[in-house]
Amino acid sequence: MGLLQLLKSQILSHLIICYVFVFSGLIINLLQFCLLPLWLLSKPLARRVNCRLAYCIASQMVAALEWWSGTECNLYTDPQSYPLYGNENAIVLLNHRYEIDFLCGWTFCERFGVLGSSKVLAKKDLAYVPVIGWMWYFLEIVFCKRHWEEDKVTVARSLQNLRDYPVNFWFLLFCEGTRFTQKKHEVSMQVAESKGLPKLKHHLLPRTKGFWLTVQNLRGTVAAVYDSTLNFRDKEAPTLRGILNGKKYHADLYVRRIPLESIPEDEAECAAWLHKLYQEKDGFQDQYIQTGRFPGPVTSPPRRPWSLINWLFWSCLLLYPLGLVLSFLFSSGSLTTVAASLALCMAASVGFGWMIGQTEIDKSSSYGNNRAPSNE
């Protein structure tokens, strides 16, 4: 292990990254709140400004993946579709199997310049979480409660609000609804058997109602669906903890551009179309496991420097006052002050370790462990 790699694996480095992320995020949340009057003066301008502010938060996580860990991200796609990425609105369908698949989705957005304006369908509870949740609230992220009767109204309204969005955006959607685990897969395949649907090996059954609702309300706004299938070379099992430790992973993403007008408008036909799509995704995963590659040509979209520049800016801005405070505390000569400071650092370390632990697959949501057919 080299000196740099040893430095990256230290808890102190992780605490510094966490400190910069949290405090810069809170500053940006405050700026978003202070800019609320701008929405009354110019809604398009307020949206553009919030995209820039959201980028300042989200790009720090992307910088950790791209620059801190040095993870490589290769893209398999049709060369004719490549020039359209980032230049049109799109719905991006992602498989939900890995601890960092959301981060790879954000990296895909960053490589094509739409990270700040990217949208997701998220649980309503996340809207109350500082930094990420508050950022999403001001960014007009679509929130749901996972209760269909309520969501079909509120989600539709939120999606329709995006029809006049002033910049290109990608709407990231995990149709499986929850992260893949063996237990959830077994339950999901029991549902597939009861419905007479082909079983999947590498995915859960997709939630068709949410997909149909999204497509119907974004018709005329988005141009295409980007069917995205993610895997990692050599059976790597990437984790957020590994990213923070500076471990390098090798991600391969297969993207197919599907014009939105080719997706059926009828709900039942749209559901059948989505089930067929996931059977194809399963086949692509089979091919990757057998051959180590997805179909078609491969390219590596270049990293943009802005995520690194943004992280360096906030680090310089926030680490200097932190250093002054720590110097004052430890030079005060008070054993009580020093002990309290050390206790605070230890508490921060434990708390940070707990938060990272919540991203692990075995700590994922229980949603989908008892999936009922009526929830399709």
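You'll find the structure just up there.
Residues numbered from 1 in each chain as written. Predicted model: local features only at pLDDT ≥ 70, side-chain atom pairs only at ≥ 80, totals over all residues. Heavy atoms only, no water.

K.L.:
Would you mind going over the overall build of the protein chain in detail, with residue names and values included?
P.N.:
A count of helices and strands for the protein chain gives 13 helices and eight strands. Split into buried and exposed, the 376 residues of the protein chain put 50% on the buried side. Here the contacts in the protein chain between residues at least 6 apart in sequence split such that 80% fall between residues at least 24 apart. (Helix = DSSP H or I, 4+ residues; strand = E, 2+ residues; numbered from the N terminus. Buried < 20%, exposed > 50% of the residue type's maximum accessible area, 1.4 Å probe, protein only. Contact = heavy atoms within 4.5 Å.)

K.L.:
Just give me the short version of the packing of aromatic side chains, but keep the residues and values in it.
P.N.:
Under the counting rule described, the total for this entry stands at 20 aromatic pairs. With centroids separated by 4.9 Å and ring planes inclined at 45°, the aromatic side chains of Tyr19 and Phe23 adopt a geometry described as tilted. One end of the pair is Tyr19 and the other is Phe23, both in helix H2 (residues 11-34) and four residues apart, which spans about a single turn. With relative accessibility at 17%, the residue Tyr19 sits in the buried group. Ring centres 4.8 Å apart and planes at 85° place the aromatic pair Tyr254 and Phe284 in the edge-to-face group. Remark: Phe284 occurs in helix H11 (residues 267-291) and Tyr254 occurs in strand E7 (residues 250-259); sequence separation between them is 30 residues. Assigned by exposure class, Tyr254 and Phe284 land together as buried. Positioned over the ring face of Tyr278 is Lys281, at 5.5 Å from the centre of the ring. The ring of Trp67 carries Arg303 above its face, with NZ or CZ at 3.7 Å from the centroid. (Phe/Tyr/Trp six-rings, centres within 6.5 Å; stacked < 30°, edge-to-face > 60°. Lys NZ or Arg CZ within 6 Å of the ring centre and 35° of its normal.)

K.L.:
Can you explain the nonpolar core? Please cite residues and give values.
P.N.:
With 94 residues, the main nonpolar core has Trp106, Trp170 and Phe211 as its most contacted residues. Element by element, the count of residues in this core is highest for helix H4 (residues 43-68), at 13 residues. The residues touching Trp106, leaving out its near neighbours within four places in the chain, are Ala58, Met61, Val62, Leu115, Ser118, Ile132, Trp136 and Leu172. Counting residues in each nonpolar core, the second largest holds five residues, with Tyr76, Tyr254, Phe284 and Tyr288 among its members. (Core = buried A, V, L, I, M, F, W, Y, C linked by side-chain atoms within 4.5 Å.)

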